[in-house]
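The residues making up each chain are set out below.
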Amino acid sequence: MDWKTLYHTANGQPLSSPSLPLIGIDRSDNNWNKALLEAGSCPFVPCISAGNVETWMNSIDGFLVTSHLDATGMFALRMALDWQLPVLAVNEGVDSLRESCGDLLTESPSGELSLPFKSVRGCFCQKDTINSWAQWLADESREFRKARLLHQHIVSLDTHCDTPMFFHRDIRFSERCPEILVDSHKMHQGHIDACIMVAYLEQQARDEQSLQQATLKAQQLLDGIDQRIGSCPGVGIAYTPDDICQLKLQGRLAIMKGIENGYAIGKDLSNIEHFRQQGVVYMTLCHNGDNDICDSASKTCHEHGGLSDFGHEVIREMNRTGMMVDLSHAGENSFFDALHASTTPIVCSHSSSRALCDHPRNLTDEQMKALAQVGGVMQVTLYPGFLRTDGQATIEDAVAHLIHAADIAGVEHVGIGTDFDGDGGIPGIADASEAINFTRQLLRHHFSEKDIQLIWGGNFLRVMQLVQDAATIPFLHP
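In this text, all values refer to a predicted model and were calculated from it rather than measured experimentally. (Residues numbered from 1 in each chain as written. Predicted model: local features only at pLDDT ≥ 70, side-chain atom pairs only at ≥ 80, totals over all residues. Heavy atoms only, no water.)

**Q** Before we move on, could you go through the packing of helix α4 (residues 71-82) against helix α5 (residues 93-101) and cite the residues and values that matter?
**A** Relative placement of two packed helices is described by the angle separating their axes and the distance separating the axes. For the pair α4 and α5, the least separation of the axes is 10 Å and the interaxial angle reads 60°. Handedness of the crossing formed by α4 with α5: right-handed. Between α4 and α5, the contacting residues are Met 74, Leu 77, Arg 78 and Leu 81 on the first element and Ser 96, Leu 97, Glu 99, Ser 100 and Cys 101 on the second. (Axes fitted to C-alpha atoms, helices over the stretch in contact; angles between N-to-C directions. Helix = DSSP H or I, 4+ residues; strand = E, 2+ residues; numbered from the N terminus. Left-handed = near helix turned anticlockwise from the far one by under 90°. Contact = heavy atoms within 4.5 Å.)

**Q** How would you explain the layout of surface pockets if you had to name every residue and give the values?
**A** Counted as a void, the largest pocket has a volume near 550 Å³. In terms of lining, the largest pocket is formed by 29 residues, of which the most central are Leu 81, Gln 84, Leu 115, Lys 118 and Glu 434. Those elements giving two or more residues to the lining of the largest pocket turn out to be α4, α5, β7 (120-123) and α15 (436-444). Looking at the lining of the largest pocket, the element that brings in the most residues is α15, giving 4 residues. Within the lining of the largest pocket, the residues separate by chemical class into 12 nonpolar, 7 polar and 10 charged. (1 Å grid on protein atoms, 1.4 Å probe; cavity = no way out; pocket = protein on both sides within 12 Å on 5 of 7 lines; lining within 4 Å. Points joined across faces, edges and corners; volume = space filled by probe spheres on them. Nonpolar A, V, L, I, M, F, W, Y, C, P; charged D, E, K, R; others polar.)

**Q** Just give me the short version of the pattern of salt bridges, but keep the residues and values in it.
**A** Any two side chains of opposite charge can pair if their charged atoms end up close together. The full count for this structure, using the stated rule, is 23 salt bridges. Glu 332 is the partner of Arg 354 in a salt bridge, and the nearest nitrogen-oxygen pair spans 3.0 Å. Of this pair, Arg 354 sits in the loop between β14 (347-348) and α13 (365-373) while Glu 332 sits in helix α12 (residues 332-341), and the two are 22 residues apart along the sequence. Accessibility expressed as a relative area gives 29% for Glu 332, which makes it partly exposed. One continuous salt-bridge network, built from bridges that share partners, spans Glu 140, Glu 143, Arg 440 and Arg 444. (Salt bridge = Lys/Arg side-chain N within 4 Å of Asp/Glu carboxyl O. Buried < 20%, exposed > 50% of the residue type's maximum accessible area, 1.4 Å probe, protein only.)

**Q** Can you lay out the packing of aromatic side chains for me, pointing to particular residues and giving the numbers?
**A** Overall, the coordinates contain 6 aromatic pairs when judged by the stated rule. Geometrically, the ring pair formed by Trp 133 and Trp 136 is edge-to-face, given 5.9 Å between the ring centres and 75° between the ring planes. Of the two residues, Trp 133 and Trp 136 both sit in helix α6 (residues 130-152), 3 residues apart, roughly one turn of that helix. Like Trp 136, Trp 133 is buried. (Phe/Tyr/Trp six-rings, centres within 6.5 Å; stacked < 30°, edge-to-face > 60°.)

Structure, rendered in structure tokens:
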């Protein structure tokens, strides 16, 4: 089975009509049992122990807390919050919610507690309001269940994260690490199957010694990905779209490798094939500041007026070796020059919509239309400064950028590149564990299951497959 058929094998029966959502309750309560059943959900009291909490979190679709929880119950509540389950805490259970969430909770004038942009509520509930709160929990849990089931049958790919920048610290990817936004636990909790980790290089001097140091640093970062992921249980390195699918079918997460800033190759075209044979799937041509390849969107002196002569050679070599051309960070002239120079579709791995946030890093509507015409794809990013110019950016802003991009370019040409661990992350989707919240937002905006499959990786993987198939040299699978 390959990545293109994984979604369709699950689509014989619509995912939009699953069985009733399962609501875990901390203790049996006849009034709540009846109200939840009438609301169209199935309440039950799971036999939770310290050893099986994660199993239950994978089974239930919502959590009702009606009492002050013991240590095991508190652990279960924290797990439910980590897994983004809808949570309703009532009466005595409110104290447990306060203990778990602390200052993150907001309180309405009526005394209702909530977590912003989350399906979490706390209230003192009277008998005459049980039915309305039971309906709220059942509805939220039904939506969560639909999103969770959908993720089981699609390949979800985050196309840009900078986590390798932190690998020089004592980071263990297999543990839930507070220092990074992407680790194996958070990916499981957010239902993310794969991400592309980049070797990020800050643009610095371009003398011979500096260029050699840049190439060395890129190699060290890529080696760090191999070392960290290679030693992590339940995770594997992926080199092709089909690799991701096979890892998912094995119950394993997939990590791909990218390079952010063509500064990494110096002036040596042979480095492109060198990095491609190590599994690098894309290279972002520049970062903040012009380099020998092209002009940047930020901190630019318009040195080349777009793509340099060397940049044209770089793109030809990337096409030859099957490496995707990534134009996030590139200036507009560089963008259009590269679009015309490349014989395969290009991508923007983490860019948003300039019409909604006037920043030179974002794509204009004209760029989006041109990208779509050549079959490329842009990935909406979660860097706050690229989502709005004033106030706090949230998940709602990110969704608005994606909707705009889909309206302009078509849903077949958009996706998600979070920029986690590179300053990406906003309320509602602050790290990889909250990624399923984006899916729930897409469902609320009436995107179809097929649309969501395309957005969460199908579009980007289509381009990756085209680029790899067009290579004129064999890829020697490591």
